[in-house]
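Working through the structure, step by step
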Amino acid sequence: MMAKTNPLEFFREVRSETLKVTWPTRRETAVTTIMVFIMVAFATIFFFLADLVLSKGVSFVLGIGN
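These lines cover the structure that appears in this document, whether it is placed above or below.

About the criteria used
Residues numbered from 1 in each chain as written. Predicted model: local features only at pLDDT ≥ 70, side-chain atom pairs only at ≥ 80, totals over all residues. Heavy atoms only, no water. Helix = DSSP H or I, 4+ residues; strand = E, 2+ residues; numbered from the N terminus. Rg over C-alpha atoms; globule rule 2.2 N^0.38 Å. Areas by Shrake-Rupley, 256 points an atom, 1.4 Å probe, with all protein chains shown as cover. Lys, Arg positive; Asp, Glu negative; His and termini not counted. Charge placed at Lys NZ, Arg CZ, Asp CG, Glu CD. Phe/Tyr/Trp six-rings, centres within 6.5 Å; stacked < 30°, edge-to-face > 60°. Buried < 20%, exposed > 50% of the residue type's maximum accessible area, 1.4 Å probe, protein only. Salt bridge = Lys/Arg side-chain N within 4 Å of Asp/Glu carboxyl O. Expected span 1.5 Å × (residues − 1).

**A closer look at the overall build of the protein chain**
Scanning the protein chain from terminus to terminus reveals two helices and zero strands. Here the protein chain has a C-alpha radius of gyration of 26 Å; the compact-globule value for 66 residues is 11 Å, and the former is much larger. By its C-alpha atoms, the protein chain is 75 × 40 × 10 Å across when sized along the principal axes. Of the roughly 6800 Å² of accessible surface on the protein chain, 72% is carried by carbon and sulfur atoms. Where the 7 positive side-chain charges of the protein chain centre and where its 5 negative ones centre are 5 Å apart.

Below, the structure is given as structure tokens:
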């Protein structure tokens, strides 16, 4: 069974918990964003090459390739 609390107490607890959060700096956010874009680019290249190799392989095995 859940404990019942009034809305005022709920918002006090939310504010208290929000103050405990360690927020990233602008620099940390920028570096992390750049790293995400770099990893997406690597993943894109990897999956493009993997798809190319697999499609050539399947075409060769099935005899429909040149």
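**Some details on the packing of aromatic side chains**
Considering all chains together, one arrives at two aromatic pairs under this definition. When the centroid spacing of 5.4 Å and the interplanar angle of 75° are considered together, the rings of Phe 10 and Phe 11 count as edge-to-face. Taking the centre distance of 5.1 Å and the plane angle of 75° together, the rings of Phe 46 and Phe 47 count as edge-to-face. For Phe 46, a relative accessible area of 51% corresponds to the exposed category.

**Comments concerning the pattern of salt bridges**
Within this structure, the stated rule accounts for two salt bridges. Glu 9 is paired through a salt bridge with Arg 12; the nearest N and O atoms lie 3.4 Å apart. Residue Glu 9 and its partner Arg 12 are located together in helix H1 (residues 7-19), separated by three residues, close to a single helical turn. For Glu 9, a relative accessible area of 30% puts it in the partly exposed group. The closest approach of N and O atoms between Lys 20 and Glu 17, which form a salt bridge, is 3.1 Å. Residue Lys 20 is classed as exposed on the basis of its relative accessible area of 57%. With a relative accessible area of 46%, Glu 17 lands in the partly exposed category.

**Digging into helix H2 (residues 26-62)**
Taking 1.5 Å per residue, 37 residues should reach 54 Å; H2 reaches 53 Å between its end C-alpha atoms and fits that length. Trailing H2 by a residue or two, Gly 63 shows a phi angle of about 75°, which is positive.

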